[in-house]
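# Understanding the architecture of this molecule
As a plain string of letters, each chain reads:
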Amino acid sequence: MKNKQKLRKLIIHLILLSGIGVVIFPFLWMVLTSFKATGEAMQIPPTIFPKQFLIDAYTQIISSLPFGQVYLNTFISTVVTTIAQLIFCAMAGYAFARIDFPFKNVIFVVLLSVLMVPGQIFLIPQYLIVQKMDLLDSIPALFIPNLFSAFGTFLLRQFFMSLPKELEEAALLDGCNRFQIFGKIMLPLVKPGLVSLAIFTAKFAWNDFMWPLIVNTSTKKMTLGPALSTLQGQYITQYPMQMAGAVMAVIPIIVLFFIFQKQFIEGVAQSGIKG
């Protein structure tokens, strides 16, 4: 019996290690390719490890693109989007969960219907709105359409609904108004949900590609994804430069995850059982 259990554990560990290898290999390939020469990166059959570790790709991409400005644009867009969604989605989620108002359920169903529609459908209306606001090729154009999220509203609504109503009733008896109940009592209790939404939103905003590519044409007003895509040539592509840019782009997200991994896992685990 013990041999069977050991064999079962061995098989499970081998399967898990295989899955880890499949997930990590593309990232390792990206990092190793960033240290190769252009010819070595394109040779067939390909080599995994570079013959000589070169940092030319990193120096070239910094000189070829306004990398500092692009990084700053991405950071500004991510921070503003994340903070705005936390504020608006928290208020909307609390209203849908705790406040009775006319047509609440109908409005909530309409809000959820946004999640069933592909995001590409909204590109043209959003572009026309930004155009009429005279914000094309500007930094605000990067984050204005993403200041609110139907997913974030639904997620935080589930967290607010899981809290006992007695908390609000006691606060009302003590003379608190709705804003005090929301800010001082309810909001601190849904901290795991806020952390989860913040990480999901930051990841989406940092990796956003389609919208920044459409709304901004100047390289100095682009984010990391569209700026790196400009390195794609018609006849030849500098793959080491692209991989170097991708490595530099992914580092902040990895650091963010390692700093808040406990809160992230806790928030995702709790969001799965709320309702």
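Residues numbered from 1 in each chain as written. Predicted model: local features only at pLDDT ≥ 70, side-chain atom pairs only at ≥ 80, totals over all residues. Heavy atoms only, no water.

This next bit is on the layout of surface pockets. One number sums up the size of the largest pocket: a volume of about 790 Å³. In terms of lining, the largest pocket is formed by 25 residues, of which the most central are Gly 119, Gln 126, Asn 146, Phe 148 and Phe 204. Considering every element that reaches the lining of the largest pocket, the biggest residue donor is helix 11 (residues 191–207), with five residues. (1 Å grid on protein atoms, 1.4 Å probe; cavity = no way out; pocket = protein on both sides within 12 Å on 5 of 7 lines; lining within 4 Å. Points joined across faces, edges and corners; volume = space filled by probe spheres on them. Helix = DSSP H or I, 4+ residues; strand = E, 2+ residues; numbered from the N terminus.)

The next point concerns the UniProt feature "transmembrane region" (unreviewed entry) in the chain. The UniProt record annotates "transmembrane region" (unreviewed entry) at residues 12–32, 75–97, 106–129, 141–160, 181–206 and 239–260. Annotated as 62% helix and 0% strand, the span residues 106–129 places its first and last C-alpha atoms 26 Å apart. Each end of residues 181–206 is marked by a C-alpha atom, and these two atoms are 33 Å apart; helix forms 96% of the span and strand 0%. (UniProt positions renumbered as here; feature names shortened; annotations may be inferred.)

With that out of the way, let us pick up the pattern of salt bridges. If you walk through the whole model with that rule in mind, you get three salt bridges. When the shortest N-O distance is used, the salt bridge between Arg 98 and Glu 168 registers 3.4 Å. Residue Arg 98 is located in helix 4 (residues 67–98), and its partner Glu 168 is located in helix 9 (residues 166–173); the two are separated by 70 residues in the primary sequence. Across the pair Lys 104 and Asp 100 runs a salt bridge, and its minimum N-O distance is 3.3 Å. When its relative accessible area of 15% is taken as the criterion, Lys 104 is described as buried. For Asp 100, a relative accessible area of 69% translates into the label exposed. (Salt bridge = Lys/Arg side-chain N within 4 Å of Asp/Glu carboxyl O. Buried < 20%, exposed > 50% of the residue type's maximum accessible area, 1.4 Å probe, protein only.)

The next subject is empty space enclosed by the protein. The full count for this structure, using the stated rule, is one cavity of 30 Å³ or more. What the largest cavity holds in volume is close to 50 Å³. As for the largest cavity, its lining consists of Ser 77, Thr 81, Leu 142, Asn 146, Ala 205, Asp 208, Pro 212 and Thr 223. Here the lining of the largest cavity is built from residues that sort into three nonpolar, four polar and one charged. (Nonpolar A, V, L, I, M, F, W, Y, C, P; charged D, E, K, R; others polar.)

The subject of this paragraph is the packing of aromatic side chains. The full count for this structure, using the stated rule, is 12 aromatic pairs. On the numbers, 5.3 Å between centres and 50° between planes, the contact of Tyr 94 with Phe 182 is tilted. Of the two residues, Tyr 94 is situated in helix 4 and Phe 182 in helix 10 (residues 178–189); the sequence distance between them amounts to 88 residues. The pair Tyr 94 / Phe 182 is uniform in exposure class, with both members buried. Ring centres 5.2 Å apart and planes at 55° place the aromatic pair Phe 96 and Phe 108 in the tilted group. Here Phe 108 lies in helix 5 (residues 104–113) and Phe 96 lies in helix 4, a separation of 12 residues in the sequence. (Phe/Tyr/Trp six-rings, centres within 6.5 Å; stacked < 30°, edge-to-face > 60°.)

The topology assignment puts Thr 82 in helix 4. Non-local contacts of Thr 82, meaning those with residues more than four positions away in its chain, are made with Ala 198, Thr 201 and Ala 202. (Contact = heavy atoms within 4.5 Å.)

Once that is clear, we can look at the packing of helix 4 against helix 10. When two helices pack together, you describe them by how their axes are tilted relative to each other and by the distance separating the axes. Between helix 4 and helix 10, the shortest axis-to-axis distance is 12 Å and the interhelical angle comes to 105°. Between helix 4 and helix 10, the angle falls in the class roughly perpendicular. Along the contact surface, helix 4 presents Ala 90, Met 91, Tyr 94 and Arg 98, while helix 10 presents Arg 178, Ile 181, Phe 182, Met 186 and Leu 187. Here the contact of helix 4 with helix 10 is built from residues that sort into seven nonpolar, no polar and two charged. (Axes fitted to C-alpha atoms, helices over the stretch in contact; angles between N-to-C directions. Parallel < 35°, antiparallel > 145°, perpendicular 65-115°, else oblique.)

The next point concerns the packing of helix 10 against helix 11. The interhelical angle for the contact between helix 10 and helix 11, taken along N-to-C directions, is 70°, at an axis separation of 5 Å. Taken together, helix 10 and helix 11 sit at an angle that is classed as roughly perpendicular. Listed contacts from helix 11 to Leu 187, Pro 188 and Leu 189 of helix 10 are Lys 191, Pro 192 and Leu 194. In the contact of helix 10 with helix 11, the residues fall into five nonpolar, no polar and one charged.

To continue, consider the nonpolar core. In terms of nonpolar packing, the biggest core is built from 19 residues, with Ile 61, Leu 65, Phe 67, Leu 224, Leu 228 and Leu 231 touching the most fellow members. Elements with a contribution of two residues or more to this core: helix 3 (56–64), helix 4, helix 13 (224–229) and helix 14 (239–259). For this core, the leading source of residues is helix 14, giving six residues. Look past the residues within four positions of Leu 65 in its chain and what remains in contact with it is Thr 219, Ala 227, Leu 228, Thr 230 and Leu 231. Within the second largest apolar cluster, 16 residues are counted, among which are Cys 89, Ala 97, Leu 155 and Leu 156. (Core = buried A, V, L, I, M, F, W, Y, C linked by side-chain atoms within 4.5 Å.)

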